[in-house]
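A closer look at the structure
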Amino acid sequence: MPQPAHTTFTTGGHANSLSFGASAYRRLTRDQVASRNSLPEELPKYDGKTSEWPLFYDAYNQTMEVCGFSDEENLLRLRQALEGPARKAAKNLLLHSSCVDQIMAPLHMRFGRPELIISVLQRQIYELPSPSESHLESIIDFAEEVQNTCATMSVSGLTSHLNNPKFEQRLVLELPRLLPAYWGMHKQNLTVCNLENFSDWLFQLAQGGLKRHSTNRCNLVKACTGAHAVIIHFYTIRDLTKL
């Protein structure tokens, strides 16, 4: 006899769950049952930091979908995850499972508005020490932060901000010496250019620097410009002679 596509699964079987009578039994797909066995039920703790909102929001929605969590289970997960200002913002909605669908609204309004996320992302980059040609690690840190910023914008649905020329120019001006000029050369070979393109170029440059790093006279950073490769020799802070 063929196995049914759905199976009855009791949410009361979870160590952190409560019994809610008949509503605690849901018909789940085999994939949802498998996901419950492989993914953690608990959400990451969230205390209201805007920088951590995209991760928390995405974790909640993804696990809710792939695991088929009920309103009762989601209420328990949110009760366990929310702390500090975030718990205060949703405290009256944490009383009953019928309010689960409303809980994210005040949290999003307080901590997840697009302008708040963009402001935090920009501040995190601006607060980094300016990349220095004599300190390769500073260029790597800068490249990683730009990459993380682009990724957060993408997963948060803020892709329009990837086309912000003022933000891009502010980041380019943070680069040392002739690197802004080499970004300009690379940019000319692109039919479409946004912050993600700058991030990819900068990350390639940082990777090249790691591969060719020398602890003696110079740091070698490979900046890819179109189909060509430009090797930039950083001789401490002085001259660039082999460009």
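So, here's what we can say about the structure. Model, not experiment: these values are computed from the prediction.

Side note on the overall build of the protein
For the protein, the helix and strand inventory stands at 10 helices and four strands. In the protein, the succession of α and β elements from N to C terminus is β-β-α-α-α-α-α-α-α-α-α-α-β-β. Split into buried and exposed, the 243 residues of the protein put 42% on the buried side. Counting contacts in the protein only where the partners sit at least 6 residues apart, residues at least 24 apart contribute 55% of the total. For the protein, the computed accessible surface area is about 13,600 Å², with 52% contributed by carbon and sulfur atoms.

Regarding the nonpolar core
Most often, soluble globular proteins keep nonpolar side chains buried together rather than apart. Counting 47 residues, the largest nonpolar core has Phe56, Leu82, Ile103, Leu107 and Phe198 as the members making the most contacts within it. Considering every element that reaches this core, the biggest residue donor is helix α7 (residues 136-155), with eight residues. Those residues in contact with Phe56 that sit more than four places away from it in its chain are Leu43, Pro44, Tyr46, Leu78, Ala81, Leu82 and Met104.

Some remarks on helix α6 (residues 114-126)
Taking 1.5 Å per residue as the helical rise, α6 with its 13 residues ought to reach 18 Å, and the 18 Å between its terminal C-alpha atoms agrees with that figure. Where α6 is concerned, the buried positions are Ile117, Ile118, Val120, Leu121, Gln122 and Ile125. Packing partners of the buried residues in α6 comprise α2 (53-67), α7 and α8 (165-174).

Some details on the pattern of salt bridges
Here the structure, examined in full by the defined rule, presents six salt bridges. In this structure, Glu73 and Arg36 form a salt bridge, with 2.8 Å as the shortest nitrogen-oxygen distance. Separated by 37 residues along the polypeptide, Glu73 in helix α3 (residues 71-81) and Arg36 in helix α1 (residues 30-38) bring together distant segments of the chain. According to the relative accessible area criterion, Glu73 is buried, its value standing at 1%. For Glu168, the salt bridge goes to Lys187, with nearest N and O atoms at 2.9 Å. Highlighted residues: Glu168 in helix α8 and Lys187 in helix α9 (residues 179-188), separated in sequence by 19 residues. Among the residues examined, Glu168 registers a relative accessible area of 6% and is labelled buried. Residue Lys187 is classed as partly exposed on the basis of its relative accessible area, which comes to 33%.

Describing the environment of Glu65
Examined against the element boundaries, Glu65 turns out to sit in helix α2. Under the relative-accessibility criterion, Glu65 is labelled exposed at 62%.

Examining the environment of Glu137
Among the secondary structure elements, Glu137 is positioned in helix α7. Glu137 gets classed as partly exposed once you look at its relative accessible area, which sits at 42%. Counting along the chain gives 73 residues from Glu137 to Leu210, while the straight-line C-alpha distance between them is 8.8 Å.

A few points about the side chain of Glu174
Relative to the assigned elements, Glu174 resides in helix α8. Ignoring any residue separated from it by four or fewer positions in sequence, one finds Glu174 in contact with Ser130, Pro131 and Phe142.

Quick word on the packing of aromatic side chains
For any pair of aromatic rings, the description consists of the separation of the ring centres together with the inter-plane angle of the planes. Taken as a whole and judged by the stated rule, the model has nine aromatic pairs. Where Trp53 meets Tyr57, the ring centres are 5.3 Å apart and the plane angle is 25 degrees; that geometry is what we call stacked. With Trp53 and Tyr57 both in helix α2 and four residues apart, this pair spans about one turn of that helix. Taking relative accessible area as the criterion, Tyr57 reaches 35% and is therefore assigned partly exposed. When the centroid spacing of 6.1 Å and the interplanar angle of 80 degrees are considered together, the rings of Tyr126 and Phe167 count as edge-to-face. Remark: Phe167 occurs in helix α8 and Tyr126 occurs in helix α6; sequence separation between them is 41 residues.

Digging into unusual backbone geometry
A positive phi angle, close to 50 degrees, is found at Arg177, a residue other than glycine. The residue Arg177 is located in the loop between α8 and α9 in this model. A relative accessible area of 45% places Arg177 in the partly exposed class.

Scoring rules and cut-offs
Counting from 1, residues in each chain are numbered in the order their sequence is written. Since the coordinates come from a predicted model, pLDDT governs what is reported: local features require at least 70, and pairs of side-chain atoms require 80 or more to be given and counted, while whole-chain, interface and lining totals use all residues. The side-chain quantities take in all heavy atoms of the structure and omit both hydrogens and water. Helix numbering and strand numbering both begin at the N terminus, where a helix is a DSSP run of H or I of at least 4 residues and a strand a DSSP run of E of at least 2. In this scheme, a residue with accessible area under 20% of its type's maximum is buried, one over 50% is exposed, and one in between is partly exposed, where area comes from a 1.4 Å probe on protein chains only. The contact criterion used is simple: two residues touch if any of their non-hydrogen atoms lie within 4.5 Å. Note on areas: Shrake-Rupley with a 1.4 Å probe; residue coverage comes only from the protein chains shown. Put simply, buried Ala, Val, Leu, Ile, Met, Phe, Trp, Tyr and Cys residues joined by side-chain atoms within 4.5 Å make one nonpolar core. One fewer than the residue count of a helix, multiplied by 1.5 Å, yields its expected span. Salt bridge criterion: a side-chain nitrogen from Lys or Arg within 4 Å of a carboxyl oxygen from Asp or Glu. Centres within 6.5 Å make a pair out of two Phe, Tyr or Trp rings, where for Trp the six-membered ring is used; the pair is then stacked when the planes are under 30 degrees apart, edge-to-face when over 60, and tilted otherwise.

Everything listed here is a matter of coordinates, which is why it stays silent on function.
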